[in-house]
Structure formats: C-alpha cells, structure tokens
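Understanding the architecture of this molecule
In case you want the letters, here they are:
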Amino acid sequence: GQVDVECEMMVLGAGPGGYSAAFRAADLGMNTVLVEKYATLGGVCLNVGCIPSKALLHVAAIIDETAHMGDHGVSFAKPDIDIDKLRAYKDGVIKKMTGGLAGMAKARKVNVVQGVGKFLSPNHIEVTGADGAKKVVAFQKAIIAAGSSVVNLPFVPEDPRIVDSTGALELRQVPKRMLVIGGGIIGLEMATVYSTLGARIDVVEMMDGLMQGADREAVKVWQKYNAARFDNIMLKTKTVGVEALPEGIKVTFESAEAGKPAPEPQTYDLVLVAVGRSPNGKKIGAEAAGVAVTDRGFIGVDGQMRTNVPHIFAIGDLVGQPMLAHKAVHEAHVAAEAAHGEKAFFDAKVIPSVAYTDPEVAWVGLTEEEAKAKGVKVEKGHFPWAASGRAVANGREEGFTKLLFDAETHRIIGGTIVGTNAGDMIGEVALAIEMGADGVDIGKTIHPHPTLGESIGMAAEAYEGVCTDLP
Ligand code: FAD
C-alpha cells in the first residue's frame, strides 16, 4: 500500500508518556513521528487533567486562606468571582504549557502528525485527520502511549448538568448544590474548587472511606479540616439512578451494605461523575499490529516496557496503575532508551501519590494499612505539625509527617504527609526509599529551619528515639 511518512520511531499519543518518549527518542538521534488526535500536545494531563486542575486549586487555596486571615486580624472583603476571567486564566495556563511542548517538539525535529491513529500492521499506522484525510506512517519501532478515558456510569443520561472531570474543569457555572460521585483524588480536588467558589457539596462513595489507597489517619485529618465544605459524605453507598428533571438532577442511592437503609434521593444543580479511568487499548487497532490487549483494555509490558511484539513498546495509563503523569514520563524514557538498544529498565521502588486538596495528602511506598495487610513489620516515626514552628506560624498546624521503617533493617519503606505543600515534600521521602536510607540517614540530614520539610527529619528523629538498637 501507499506510505506517506517513513520513520524510525512512531509514538502514538502525545500525553506526558508520549511526548516524553518522542523527545527522548529524538534526543537519541531517532527520526521520530508523534501521532496525536488533539490539536495540542500534552494529553489528558496538560489539557484536561493535572495542570488545569492545579490552576483552579491554586486560586481556591488563596480564596480559602484569605478567608482565614480574619483570625489573624486581617479581614478581606468577600471575594468577587468573575468566572469568565478565572476560566480564561486556567485556559491561559494550558496554552502556555502546550505551546511550550510544541516548541520543544519543533526544536527536536519531532514530526507531529495530527489525527486518529489506527494500526494497519506491525509496521504501519493509518492516521485520519479531522478533515477525514488519511495518511499512512511506516515505522521501524513504536511506542504506544494512547492513555485512558473517563469511565461513565451506564444509567447516567446526557445533560449539561451532569459532567465528568473534563466538563467540571470547563467551569461553566458554579452550582448551588453539587454531587460528586466517587470520593477519589480527582473528585475531591474538583469538590475543593467548586466548594470554595460557593457550591454546597455532597460526596457519594461505594467504599468505606474517601481517597482509597491513602493512609487512613491522614484522610481523617483532611476530612476533619474540610468538614465545613460538605453537607453530606455518603460512604458505602451506591448511586443507582440519575434522572434529568427540569428542576434539577435527581439522584437515588442504595446502601452497599446488606440490610442498611439507603439515603433519601436528592436533587442537585450539578453532578460530577468521577468513578475512575479506563485504558484506551481497545481503540487503536492493536490487533492489526499483533499487540495483545487485556479484556479491560490494558497492554501488558515487560521491565523494558516492551509488549509481546518485540519492536513495539507501551507506556503510561495504558499499561496499568497507578495512572499518574510522573509514572508515564519515567516509563517513556525507559521505552525510548530500550528501543534505541540501551539496557534501560523500569525499576522504580516506589511511585508517589498526591491529592492536591487543602490540606494536601501525599504518600509514597507502603502505608500502615498496606504493611499490615502484607504482614510487613514496621515501626514508625510520627511528627505532628502542631510542633512545627513553621506550620504554627502559617496557622496550619493540622498536618503530620509519618515515616514507616522496616522493623528489621530500619530502612524507610513508606511515608505519608498531610498538610499544606505535602506534595512538594513527598519527593524527599521517595528519594530516601530509593536510596535505601534508614532513620539515622534522614534524621541526621540537616533540614533548614523553620520549614515544613524539616518535619521529615523530625519524624526520623522521633523514630530513632523509639528504636534504641540502632548503631
Ligand atoms: P494521556 O495523557 O491520556 O495521553 C494520551 C494521548 O493519546 C491523548 O492526547 C489522546 O488524545 C491520544 N490518543 C489516544 N488514542 C489516540 C489515537 N488512536 N490516535 C491519536 N491519538 C490518540 N496525574 C498526576 O500525576 N498528577 C495529577 O495531579 C493529576 N491530575 C489529574 C487530574 C484529572 C482531572 C485527570 C483526569 C487526571 C489527572 N492525572 C494526574 C492523571 C494524568 O493525567 C495521567 O496519568 C496522564 O495524563 C497519563 O499520561 P499518558 O501519556 O499515559 O496518557
């Protein structure tokens, strides 16, 4: 058949995984094509994920902080919110970042081919542009980085008052009453933004707690600090019906526990469905390339991010949990280097997670709950922020820093931080775990005073105090 473009490396999808892979491949000297259906680079993360949500959370955090300033003797007027300008600010942030990526692609001579890609063979992909025009790209090697899409609930009708995370980030209106279906990180970040802008929020979650995967003690701190944000947090509750009525969106619930009564049906002005994301593996014609895809749409890979087809690699949300941008970027570098013939392996001990709520909740490695479930004996160092001069000076002493150490080796194997800026601090704990640091290494590292980061050193010193058999 006809071939329009030939290249050594074809990367499918331009999210954090795809653009990082394409840039690394180009830097290694490979003639690289990057196929992306959207007009801008950056994927979910830059366009409708990490970055726009953080732009809005930044504004929300400042609104909330000024509201608290009254306690310190400084009062501001009630904020006057121009939602169009706020939306424009968020859009401007996205534009700056995606524009920067376009410049970087150009500088590296990465050939961006815009359109929907579908494999034709193990060495060909067809790209259909927005105008319907088709191009065939022939490649020697490929990295699949097609990402994930939001999961919809089958019984939810189409209505402008029912949104997913992408719709919520569009910030079309601030509702009076809002329901967030799904108490995970994405749902709670959006709940933070909308409640600060004036919405009253309910959250419904099937599991027995919010922010699954996070340390329960940290979630408790977050929930206590945020109690005023929510009218009702319905745990162990299923959403079973969503009806679009003229007066609002009527939602019915069922208890997930047998024999427990269900909460009363409620009517909302806005419903956010944030029940997870599913991989795009089944939407790219992978079978034509011979690439195996699981029933759920994931693509299996080895330690070099190689699929069952030796010259085709896969990375990012598409290859499994955790679906996080920083994981995709590191996998991307491994895939590009391995494709180039280097002995690169994805060998991360840990991948940090952060909820950019207020306060932030950040964790890495094992949590206490996971350690218990796995039968790993741990000892902990716990530092309450009420004893941190900086946290107290900031008027934000609700947080804590907790480090978990292997009871036998005394090496750090996990950490949780809840408090302002926790996400910026958790990288140090990740580094300590990767380096095999023990309590002494961390406790004797001089941290600047007074900082919130100092709490990591303090938590390690607290551990050394209880752990008397250290050398
Ligand atoms: P994606 O970013 O999903 O990119 C895949 C790209 O492939 C897309 O651009 C898509 O258009 C393109 N594509 C797919 N199929 C085709 C095709 N057939 N042809 C052409 N192009 C195609 N992660 C964090 O680490 N931190 C956060 O703070 C964070 N916040 C988030 C907030 C929200 C609201 C959401 C939804 C997600 C958030 N995430 C966050 C998750 C993060 O966005 C993803 O983990 C990350 O984007 C995954 O990168 P990826 O490269 O695997 O795929």
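All of these numbers come straight from a predicted model, not from anything done at the bench.

1. Quick notes on the site of the ligand
Taken together, the neighbourhood of the ligand is formed by 37 residues, with Gly13, Gly15, Gly43, Gly147 and Gly316 sitting nearest. Taken together, the elements giving at least two residues each to the shell around the ligand come down to α1 (16–27), β2 (32–36), α2 (43–48), α3 (50–68), β4 (116–121) and α9 (325–339). Tallied by class, the residues present in the shell around the ligand amount to 19 nonpolar, 14 polar and four charged.

2. Thoughts on the packing of α1 against α9
At a closest axis distance of 8 Å, the pairing of α1 and α9 adopts a crossing angle of 30°. Compared by their axis directions, α1 and α9 come out roughly parallel. Like other packed secondary-structure pairs, α1 and α9 cross with a definite hand, here right-handed. In this structure, α1 uses Pro16, Gly17, Ser20, Ala21, Arg24 and Ala25 to contact α9, whose residues at the interface are Ala325, Ala328, Val329, Glu331, Ala332, His333, Ala335, Ala336, Glu337 and Ala339. Along the lines of polarity and charge, the residues of the contact of α1 with α9 split into 10 nonpolar, three polar and three charged.

3. A closer look at the pairing of strand β9 (residues 177–181)
When you tally the buried positions in β9, you get four out of five residues, the bulk of the element. Across five bridges, β9 lies against strand β10 (residues 200–204) in parallel orientation. Bridge assignment links Val180 to a residue of β10, and that residue is Val203. Handedness of the crossover joining β9 and β10 through helix α6 (residues 185–196): right-handed. Judged from the four bridges that link them, β9 and strand β15 (residues 270–273) form a sheet pairing that is parallel. Bridge assignment links Met178 to a residue of β15, and that residue is Leu270.

4. Overview of α3
Its 19 residues give α3 an end-to-end C-alpha distance of 26 Å, which sits within 8% of 27 Å, the value for a rise of 1.5 Å per residue. Residues of α3 that are buried include every one of Cys50, Ile51, Pro52, Ser53, Ala55, Leu56, Ala60 and Ala61, and no others. Contacts made by the buried residues of α3 are with α2, α4 (83–107), α5 (165–170), α6 and α9.

5. Brief notes about the environment of Gly248
Inspection of the secondary structure puts Gly248 in strand β13 (residues 248–255). With 115 residues separating them in the primary sequence, Gly248 and Ala133 have C-alpha atoms 42 Å apart. With sequence-adjacent residues up to four places away left out, Gly248 is seen in contact with Thr267, Tyr268 and Asp269.

6. Some words on the packing of α3 against α4
Contact pair α3 / α4: the axes reach a minimum separation of 9 Å and the direction vectors enclose 140°. Put simply, α3 runs oblique to α4. For the crossing formed where α3 meets α4, the hand is right-handed. Together, Ile51, Pro52, Ala55, Leu56 and Val59 of α3 and Leu86, Tyr89, Lys90, Val93, Ile94 and Met97 of α4 make up the contact between the two elements. Its residues assigned to classes, the contact of α3 with α4 shows 10 nonpolar, no polar and one charged.

7. A word on unusual backbone geometry
A cis amide bond links Asp358 with the next residue in sequence, Pro359, at an omega value of 0°. Turning to its location among the elements, Pro359 is positioned in the loop between β18 (353–355) and β19 (360–365). Look at the link from His449 to Pro450: it is a cis peptide, with omega at -5°. Tracing the sequence through the fold places Pro450 in the loop between α13 (439–443) and α14 (454–466). In this structure, Asn421 takes a positive phi of about 65° despite not being glycine. Considering the arrangement of structural elements, one finds Asn421 in the loop between β22 (412–419) and α12 (422–434). Exposure remark for Asn421: the 18 C-beta atoms within 10 Å place this residue in the partly exposed category.

Here is what the cut-offs are and how they apply
Residues numbered from 1 in each chain as written. Predicted model: local features only at pLDDT ≥ 70, side-chain atom pairs only at ≥ 80, totals over all residues. Near = placed C-beta within 6 Å. Helix = DSSP H or I, 4+ residues; strand = E, 2+ residues; numbered from the N terminus. Nonpolar A, V, L, I, M, F, W, Y, C, P; charged D, E, K, R; others polar. Axes fitted to C-alpha atoms, helices over the stretch in contact; angles between N-to-C directions. Parallel < 35°, antiparallel > 145°, perpendicular 65-115°, else oblique. Left-handed = near helix turned anticlockwise from the far one by under 90°. Contact = placed C-beta atoms within 7 Å. Buried ≥ 20, exposed ≤ 12 C-beta atoms within 10 Å, placed from the backbone. Pairing = 2+ DSSP bridges. Right-handed = clockwise from strand over helix to strand, strands pointing away. Expected span 1.5 Å × (residues − 1).

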